[in-house]
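A closer look at the structure
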Amino acid sequence: MHNMKRKSIKKSEIGTLKNDADLPSKQNTASFFEDVHSVVRQIPIGRVTSYGAIAQYLGTRMSARMVGWAMNASHAANPPVPAQRVVNRNGMLTGKHHFSTPQRMEELLKAEGVEVKDDTVIDFKNVFWNPSSEIAL
DNA sequence: GCATTGACGAAGG
DNA sequence: CCCTTCGCCAATG
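Quick look at the structure, then. Bear in mind that the values here come from a model prediction, so they are computed numbers and not experimental data. Numbers given for residues are sequential positions, taken from 1 along each chain in its written order. The lettering of chains begins at A and the numbering of ligands begins at 1, in the order of writing. Given that this is a predicted model, residues contribute local features only at a pLDDT of at least 70 and side-chain atom pairs are listed and counted only at 80 or more, while totals for whole chains, interfaces and linings are drawn from all residues. Each side-chain value is worked out from all heavy atoms of the structure, with water and hydrogens disregarded.

We now examine the protein's contact with DNA strand B. Residues are labelled near a given molecule or strand when at least one of their non-hydrogen atoms is within 4 Å of it. Tyr51, Arg65, Met66, Arg89 and His98 are the nearest of the 17 residues found near DNA strand B. For DNA strand B, the fraction of atoms within 4 Å of the protein that belong to sugar or phosphate moieties is 51%. Here a base nitrogen of DNA strand B and a backbone polar atom of Met71 are 3.0 Å apart. Whenever two N or O atoms come within 3.5 Å, that pair is a polar contact, provided that in protein one can donate a hydrogen and the other can accept it, and provided that, for residues adjacent in sequence, both atoms are side-chain atoms. Contacts to DNA strand B include Thr94, whose side-chain N or O atom sits 3.2 Å from a phosphate oxygen. Counting only elements with at least two residues in the surface near DNA strand B, the list comes to helix H3 (51-58) and helix H4 (64-71). Where helices and strands are cited, they refer to DSSP runs of H or I of at least four residues and of E of at least two residues respectively, numbered from the N terminus. Tallying contributions element by element places H4 first for the surface near DNA strand B, with five residues. Of the residues belonging to the surface near DNA strand B, the class tally is six nonpolar, nine polar and two charged. Basically, the charged four are Asp, Glu, Lys and Arg, the nonpolar ten are Ala, Val, Leu, Ile, Met, Phe, Trp, Tyr, Cys and Pro, and anything else, Gly included, counts as polar.

Okay, here's the thing in structure tokens:
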């Protein structure tokens with residue numbers, strides 16, 4: 001989104017995050033959150049993707065851990081980010097504890113038509129959405 | 001400035 | 001097939 005401001009992530013949420021313009025060597029940090037959020041917002045309803053897939057799509061320059069870490073700030077992003085559609089490589093809802101309630105993530109997914117059992121997405125590979133191959137550049 | 005942690009993932013045992 | 005180790009990069013104590 002052209003109008004997306006780099007402050008889509010509140011500094012208070014990130015902590016000591018400074019203005020990216022003031023950090024020449026780290027100017028990608030702030031935009032990294034935007035990139036992650038942008039990708040996650042493109043995940044179709046009823047589909048899910050993984051942290052690693054997003055990392056790979058954005059370029060192998062950072063690890064999948066940074067994607068998960070970035071998601072921590074997603075709740076403050078605007079427009080909202082459907083964080084429930086991002087699970088780990090096994091389709092497990094590893095980020096459930098970061099929602100309002102531990103069961104909230106599963107509820108959201110089921111409401112979208114994604115079957116979940118035992119904190120894992122059923123038929124994961126079938127509902128998996130790979131940004132690297134699904135997003136047309 | 002070093003050690004630990006983290007919504008991860010791949011590799012090795 | 002389960003568990004441990006390591007790499008990844010930034011934040012935190």
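A word on the pattern of salt bridges. Whenever Lys or Arg places a side-chain nitrogen within 4 Å of a carboxyl oxygen from Asp or Glu, that contact is recorded as a salt bridge. The final tally for this structure, using the stated rule, is five salt bridges. Between Arg85 and Glu112 there is a salt bridge, and its shortest N-O distance comes to 2.9 Å. You can see Arg85 sitting in the loop between H4 and strand E2 (86-87) and its partner Glu112 sitting in the loop between helix H5 (104-111) and strand E3 (116-117), a full 27 residues away along the chain. Here the two residues Arg85 and Glu112 agree in accessibility, since each one is buried. One salt bridge connects Lys96 with Asp119, and the closest N-O pair in it is separated by 2.9 Å. Using a 1.4 Å probe on the protein chains alone, a residue whose accessible area is under 20% of its type maximum counts as buried, one over 50% counts as exposed, and one in between counts as partly exposed.

Right, let's get into the environment of Ser74. The residue Ser74 is located in the loop between H4 and E2 in this model. The exposure class of Ser74 is buried, given its relative accessible area of 4%. Once the C-alpha coordinates of Ser74 and Gly52 are considered, the two residues, 22 residues apart in sequence, prove to be 17 Å apart. By the convention used here, residues are in contact when the closest approach between their heavy atoms is within 4.5 Å. Once residues lying within four places of it in the same chain are set aside, the contact partners of Ser74 are His37, Val81 and Ala83.

Turning next to the environment of Phe33. For Phe33, the location among the structural elements is in helix H2 (residues 28-40). In the structure, Phe33 is positioned 39 residues away from Asn72 in sequence and 9.7 Å away in space, judged by C-alpha atoms.

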